[in-house]
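Chains, contacts and geometry: an overview
Chain by chain, the residues:
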Amino acid sequence: MFHLKVFFYKLIMQVLKLAGKLVPQSQPFIFTGKDSSLALTKLIIDQDTQHVFIVTDAVLNKLGIAKSVCNLLAEHQVKVTIYDQVTPDPNESVVNNGIALLRKQQCDLVLAIGGGSSIDAAKMIAVLANSRQTIKSVAGLLKIKKQGLPLCVIPTTSGTGSEVTMAAVITDTENQSKSLVISPKMIAMATALDPTLMKGMPPKITADTGFDALTHAIEAYLSRYANEETDQFSLTAIKLIFKQLPTCYHHGGDLAARQALAIASCYAGLAFNKTNVGYVHAIAHQIGAKYHSPHGFTNAVVLPVVLDFYLNGSEERLADMAKAIGINTNKLTNMQAAEQFILAIKKLQVEVGIPKTLCCIEEKDIKTLAKSALKEAHYFYPVPKYLRVSQCEQLITQLCTT
Ligand SMILES: [Fe+2]
């Protein structure tokens, strides 16, 4: 019965792969380097934009994160409305309130400045601003009918990759779940990876978001959709994250390290945009929706546990990643190299203060969490190896007790 189900899931993934090839996908123009956020602002001005709708959160707004961008826009008589009501794991109200304000102010471009939550909310606001579709009606694959307003993105964390992807995650408060929206219509026009806006990121957020990027790159490399191009992006991202995450964690003001980590996150985003993710995300999404644990942090704890499950069968791909981070694999078998890679992840966890367990998980919820995680993974993600429900339950139990 299980083998029949796996055959069915693989068939779905093949159909989705073919459908994906028929859908044209663009890529944002990427500005990088110190003050690249201002270069992106000049592009916005050159587009004859009349009124920019900035989507951010209250903390960043209070810190004046958008100040230099707003000043430059004002110098060129471009009007600005700032919507700073984005909360972590934004829900429908955050998006709908943003849409209402944008329509009232008649803005013609959306600019996200912030972490993954602000970027995801901005994507939904931009795409639904001129549409009659609701969030529920666009949840899933390729359900957005109309092209939205132009969208630009200035990420202030290095992890989500959302600045280059066609996905957004919105919390469904009613069902305590997360809705995944995937459509090329959500790809931004341009993005700026500006390390000056990232240097103030606290160590904990640096660690959590850095591990989110690492998870994207690893899940992309292990995906059944991986190809030469995505492999290149994934391996470069993994190498950069292992090298730069500890530096950014301990010395947040190091602009060169911040820049490299931002590029790694962007590369990981470009990879998983084509390959999708896997069980780490599927499990982390359920835990995040149920207990509100931060996305990157949850991925960080779940990652090695899922990799231990992948070990038998994915040892060659895991060994490649070991090589990429500089482990001398010459005298090792693929299995030994793969084990070394997972060990290196566990060491990196310790170095940047990631715990081994998630104390928020309640035993009574494990069955439901496992069921929902498998539902998400098996209908969306081309995972390299399939979990049974009982195995997934065991794996989540392990997260509470290891
Ligand atoms: Fe993620």
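Rules and cut-offs
Residues numbered from 1 in each chain as written. Predicted model: local features only at pLDDT ≥ 70, side-chain atom pairs only at ≥ 80, totals over all residues. Heavy atoms only, no water. Phe/Tyr/Trp six-rings, centres within 6.5 Å; stacked < 30°, edge-to-face > 60°. Helix = DSSP H or I, 4+ residues; strand = E, 2+ residues; numbered from the N terminus. Buried < 20%, exposed > 50% of the residue type's maximum accessible area, 1.4 Å probe, protein only. Expected span 1.5 Å × (residues − 1). Bend = angle between axes of the 7 residues up to and from the residue. Donors = N, O, S within 2.8 Å, 3.2 Å for Na, K, Ca; no water. Tetrahedral: all angles 85-135°; square planar, octahedral: opposite > 155°, others 65-115°.

**Focus on the packing of aromatic side chains**
What the rule picks out here adds up to eleven aromatic pairs. Here Y279 and F309 contribute two aromatic rings whose centre-to-centre distance is 6.4 Å and whose plane-to-plane angle is 75 degrees, an arrangement assigned as edge-to-face. Taken as a pair, Y279 in helix α11 (residues 279-291) and F309 in helix α12 (residues 295-324) lie far apart in primary sequence, 30 residues in all. With respect to burial, Y279 and F309 carry one shared label: buried.

**Quick notes on α12**
If you check α12, its first and last C-alpha atoms are just 25 Å apart, much less than what 30 residues at 1.5 Å a residue would give, namely 44 Å. Considering bend angle alone, the principal kink of α12 is centred on S314 and spans about 105 degrees. By the criterion of burial, α12 is predominantly enclosed, with 21 of the 30 residues buried. Looking at the residues trailing α12, positive phi occurs at G326, about 95 degrees.

**Considerations on the coordination of the iron ion**
Put simply, a metal with four donors set out as a tetrahedron has ideal angles of 109.5 degrees, and one with six donors set out as an octahedron has ideal angles of 90 or 180 degrees. Those donors, D212 (OD), H216 (NE2), H281 (NE2) and H295 (NE2), are the protein atoms that reach the iron ion, and they lie 2.2 Å from it. Here the iron ion is ringed by four donor atoms whose angles at the metal span 87 to 171 degrees, and the overall shape comes out irregular. Taken in chain order, the donor set of the iron ion reads D-x3-H-x64-H-x13-H. Remark: H216 and D212 occur in helix α8 (residues 203-222); sequence separation between them is four residues, near one turn of the helix. The buried category is assigned to D212, whose relative accessible area is 5%. What makes H216 buried here is its relative accessible area of 2%.

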